[in-house]
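Residue-level listing of the chains:
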Amino acid sequence: MKICDILSANQPTLSFEVFPPKKADDFEKIEAATNAIAELKPDFMSVTYGAGGSTSKFTAEIASNIEARGVTALAHLTCVNATKESLDAQIKDLKNRSIENILALRGDLPAGVESTEDWVYKHASELLPVIQADGDFCIGGACYPEVHPEAVNSAQDIENLKKKVDAGCKFLTTQMFFDNELFYNFLYKIRSAGINEPVVAGIMPVTNAKQMAKIHDLSQAYLPHKFVRLLDRFGGSPEAMKSAGIAYATEQIIDLVASGVNNIHIYTMNKPSTAAAIQHNLAGIIPSCEGK
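Here the residue numbers are simple positions, counted from 1 along each chain's written sequence. Side-chain atom pairs in this predicted model are given and counted only at pLDDT of 80 or more, local residue features only at pLDDT of at least 70, and totals for whole chains, interfaces and linings cover all residues. Excluded from the side-chain calculation are hydrogens and water; included are all heavy atoms of the structure.

On to the nonpolar core, then. The biggest cluster of nonpolar side chains holds 65 residues, and the ones touching the most others in it are Leu 14, Ile 66, Ile 131, Phe 183, Ile 253, Leu 256 and Ile 264. Throughout, a contact is declared for two residues whenever any of their heavy atoms are within 4.5 Å. In contact with Phe 183, other than residues within four places in its own chain, are Pro 145, Thr 174, Phe 177, Val 199, Ala 201, Leu 256 and Val 261. The next biggest cluster of nonpolar side chains, apart from the first, holds 15 residues, and it includes Met 212, Ala 221, Met 241 and Tyr 248. Note on terminology: a nonpolar core comprises buried Ala, Val, Leu, Ile, Met, Phe, Trp, Tyr and Cys residues joined through side-chain atoms within 4.5 Å. Classification of residues uses two cut-offs on accessible area relative to the type maximum, computed with a 1.4 Å probe and protein chains only: under 20% is buried, over 50% is exposed, and between them is partly exposed.

Take a look at the structure:
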């Protein structure tokens, strides 16, 4: 099923992100975790591409496993190290596996790389014509509620986002954020700029305080005082931190849905228990969470 059709139903949805293994030896363990999350029957699941495309060969297989369990899969595809030939091969593989949805991304710069100057494809918007030429896919893109780290300002970031939408992006998924007011402000700005595609709000339940520094470095997300207090108070206790992190994410999601934001995407970090706890907390609020 195409994600643009799921999102057009105009009712709250909950989706999960998982990541493939970094090496073949870890495939069985990661496969078990992602399959367990698929068994929760979210509205759809996305599968990341891996830093520098390092795990791209596993993305299609994990996505295929998810589809086999009756859950719509969204496969990430990035510009990193991509050529026309490599993209054609990967898109053909996804098509042969009956994957109908692709998230087109520029991708993070690999270690030691400071510029995209030597890349064949430098921006996600440049991937869309290749994907469209190779199959009938629903294509999504990423957006940054707090401005892309490499953008000069918010206006430039929104201008670049408009290019992706004009190139054929059917929906957008946000980078993680911890302050809903920033998201609401971003939504107002892009709607004013004529970007009317569905926006899926990306939420990260922080269940491990030690991971927060790395997460913050990657996302540059603003941390509200309320969230910082949570980290300070419960960060030393793994069980307390897990409970508090899930509670904070749940509170964010309830506020979003109450404010008319229908589509929520959870960065699960391949933790079935976290995904299940969020689902349980949202029973009665999001239809796909009923009875969970």
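What follows continues from the structure just given.
A barrel is described by the order of its strands in space; here 8 strands give the closed sequence β1-β2-β3-β4-β5-β6-β7-β8, paired in parallel fashion. Ignoring which end each strand starts from, the neighbouring axes of this sheet average 30° apart. What makes two strands pair is DSSP finding at least two bridges between them. Helix and strand labels come from DSSP, where a helix needs a run of H or I of at least four residues and a strand needs a run of E of at least two; each type is numbered from the N terminus. By the bridge criterion, 4 bridges tie strand β5 (residues 138-143) to strand β6 (residues 171-174) in an arrangement that is parallel. Along β6, the bridge assignment pairs Cys 143 with Thr 174. Between N-to-C directions, angles span 0 to 180 degrees; the directions come from axes that are lines fitted to C-alpha atoms, helices contributing only their stretch in contact.

Attention shifts here to the side chain of Asn 65. Its location among the elements puts Asn 65 in helix α3 (residues 56-68). On the accessibility criterion, Asn 65 (15% relative accessible area) is buried. Asn 65 has contacts with Phe 27, Glu 31 and Asn 35, leaving out every residue within four places of it along the chain.

Below, the discussion takes up the pattern of salt bridges. Salt bridges are counted wherever a side-chain nitrogen of Lys or Arg sits within 4 Å of a carboxyl oxygen of Asp or Glu. Applying the stated criterion to the full structure yields 7 salt bridges. In this structure, Lys 2 and Asp 136 form a salt bridge, with 2.8 Å as the shortest nitrogen-oxygen distance. With Lys 2 in the segment before α1 (3-7) and Asp 136 in the loop between α5 (127-134) and β5, the pair connects residues that are 134 residues apart, well separated along the chain. Overall, Lys 2 belongs to the buried group, its relative accessible area being 18%.

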